[in-house]
Amino acid sequence: MVQLKQNPHPLRNDSFEQQLRSVSAELESVLRTILPPPNTRLHEAIGYSVLGSGKRLRAFLVLAAADLFSVPSEIALRVAAAIELIHAYSLVHDDLPAMDNAHMRRNKPSCHRAYGEATAILVGDALIPLAFQTLSSLPASKEVQGELIQELSRVIGSEGLVAGQMMDLNQEGPIATEEDLLTLQRLKTGVLFGFALEAGAILGNASASDREALKNFGLLFGRMFQMVDDWLDGCGDEKVMGKPCQQDKDKLTFLTLLGPQGLRKKVKETLKEALETLSPFGEKAAPLKEVAQYVCQG
Ligand code: GRG
């Protein structure tokens, strides 16, 4: 059995920003126990891509969802780490010259700019099995491990994240309608947020209806997140974003589709809808409500 660190629960602090910082700090220590030591160039590049930055929203969502069912934070943090490893892989590969060709990520040169393209591809390749290894060594029942592994492999595969990336690169035809855009964003962004929430429910042996409600919250959260990301790309500050803006001005995005005012209205409506999905959880869902409101501030 893996030895778990007994720390105070990172969601037991008063302010939301403090909770997010606590989750990030706890996650960072768990990630350091999971990642290989920086004893090779590949391992160094893995650490470069995973540690030290990122908002850790997906990790926060796992912790907040798991806490609804009183799952120990030490277990939820390991699942959060697995999701953050997958997220890091997707960013490293998304930045590659054959994809978005992005030079900066998290306020520093993207992995391929720092270590070269071949190494960046291999960093992503190595992060995927590391995430699944983390789930398969989780101190939880085989059923819980199995469900997490099955669902994560589904959402990141060719009917999930990878399908979203294909669409985003126009490899499945042009993104022409609002419906195309909603599908693209659900696959590229929504499903991993959906899984973060569902993972909390799986860990907590939640009822089917609670699990569904949380997954729906995650999907709406992802849509809202992407709407705000589009708004920031068009109207935000590069220094705050840590990456160049105006990258999507020639694409169909929520901003080009709805305009700044229409987009603000849509974000508000989506927030309302997302918060409604949390009604079965009452007061206990406060951290989830706060993270949704935080994301909408942009
Ligand atoms: C399969 C190569 C491949 C990619 C999958 C998920 C994805 C497609 C690409 C990731 C890149 C991307 C721009 C996704 C859209 C969602 C998004 C804005 C991600 C950035 O997430 P943040 O802001 O990142 O939470 P931090 O750095 O805070 O962790």
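Residues numbered from 1 in each chain as written. Predicted model: local features only at pLDDT ≥ 70, side-chain atom pairs only at ≥ 80, totals over all residues. Heavy atoms only, no water.

Novice: So what's going on with the overall build of the protein? Which residues, and what values?
Specialist: Assigned secondary structure in the protein consists of 13 helices and 2 strands. Taken over the C-alpha trace, the protein has a radius of gyration of 18 Å; the compact-globule value for 298 residues is 19 Å, and the two agree within 12%. Across the 298 residues in the protein, those meeting the buried criterion constitute 50%. A separation of at least 24 residues holds for 70% of the contacts in the protein among residues at least 6 apart in sequence. Counting only carbon and sulfur atoms, one obtains 52% of the accessible surface of the protein, whose full area is about 13,900 Å². Averaging the locations of the 31 positively and 37 negatively charged side chains of the protein gives two centres separated by 3 Å. (Helix = DSSP H or I, 4+ residues; strand = E, 2+ residues; numbered from the N terminus. Rg over C-alpha atoms; globule rule 2.2 N^0.38 Å. Buried < 20%, exposed > 50% of the residue type's maximum accessible area, 1.4 Å probe, protein only. Contact = heavy atoms within 4.5 Å. Areas by Shrake-Rupley, 256 points an atom, 1.4 Å probe, with all protein chains shown as cover. Lys, Arg positive; Asp, Glu negative; His and termini not counted. Charge placed at Lys NZ, Arg CZ, Asp CG, Glu CD.)

Novice: Could you give me a rundown of the packing of aromatic side chains, with the residues and numbers involved?
Specialist: Counted according to the given criterion, the structure contains 7 aromatic pairs. Taken together, a centroid distance of 5.0 Å and an interplanar angle of 65 degrees make the contact between Phe 193 and Phe 221 edge-to-face. Separated by 28 residues along the polypeptide, Phe 193 in helix H9 (residues 178-203) and Phe 221 in helix H10 (residues 208-235) bring together distant segments of the chain. Note on Phe 193: relative accessible area 0%, which makes it buried. Cluster of aromatic residues (ring-pair linked, three or more members): Phe 193, Phe 217, Phe 221 and Phe 225. The ring centre of Phe 225 lies 5.8 Å from the NZ or CZ of Arg 58, which sits over that ring. (Phe/Tyr/Trp six-rings, centres within 6.5 Å; stacked < 30°, edge-to-face > 60°. Lys NZ or Arg CZ within 6 Å of the ring centre and 35° of its normal.)

Novice: If you had to explain the site of the ligand to someone new, which residues and values would you point to?
Specialist: Every one of the 18 residues lining the ligand counts as a neighbour, but Lys 55, Arg 58, His 87, Asp 94 and Arg 106 are closest to it. Residue Lys 55 places a side-chain N or O atom 2.5 Å away from an oxygen atom belonging to the ligand. In this structure, an oxygen atom belonging to the ligand sits 2.8 Å away from a side-chain N or O atom of His 87. In isolation the ligand offers 710 Å² of accessible surface; the protein chains occlude 92% of this area. Breaking the shell around the ligand down by element, the ones donating at least two residues are helix H4 (73-94), helix H8 (161-168), H9 and H10. When residues of the shell around the ligand are assigned to their parent elements, the largest contribution, 6 residues, is made by H4. When the residues that make up the shell around the ligand are grouped by side-chain class, the tally is 5 nonpolar, 7 polar and 6 charged. (Near = heavy atom within 4 Å. Polar contact = N/O pair within 3.5 Å; in protein donor to acceptor, adjacent residues only side chain to side chain. Nonpolar A, V, L, I, M, F, W, Y, C, P; charged D, E, K, R; others polar.)

Novice: Go over the side chain of Glu 198 with me, naming the residues and quoting the values.
Specialist: Positionally, Glu 198 belongs in helix H9. Not counting residues within four places of it along the chain, the set of residues in contact with Glu 198 comprises Glu 151, Arg 211 and Lys 215.

Novice: Any chance you could break down unusual backbone geometry for me, citing the residues and the numbers?
Specialist: The backbone of Ser 70 shows a phi angle near 55 degrees, a positive value even though the residue is not glycine. Here Ser 70 is to be found in the loop between helix H3 (57-67) and H4. Taking the relative accessible area as the measure of exposure, Ser 70 reaches 56% and is therefore exposed. The backbone of Asn 170 shows a phi angle near 60 degrees, a positive value even though the residue is not glycine. On the secondary structure map, Asn 170 appears in the loop between H8 and H9. Among the residues examined, Asn 170 registers a relative accessible area of 47% and is labelled partly exposed.

Worth remembering: the numbers are spatial, not functional.
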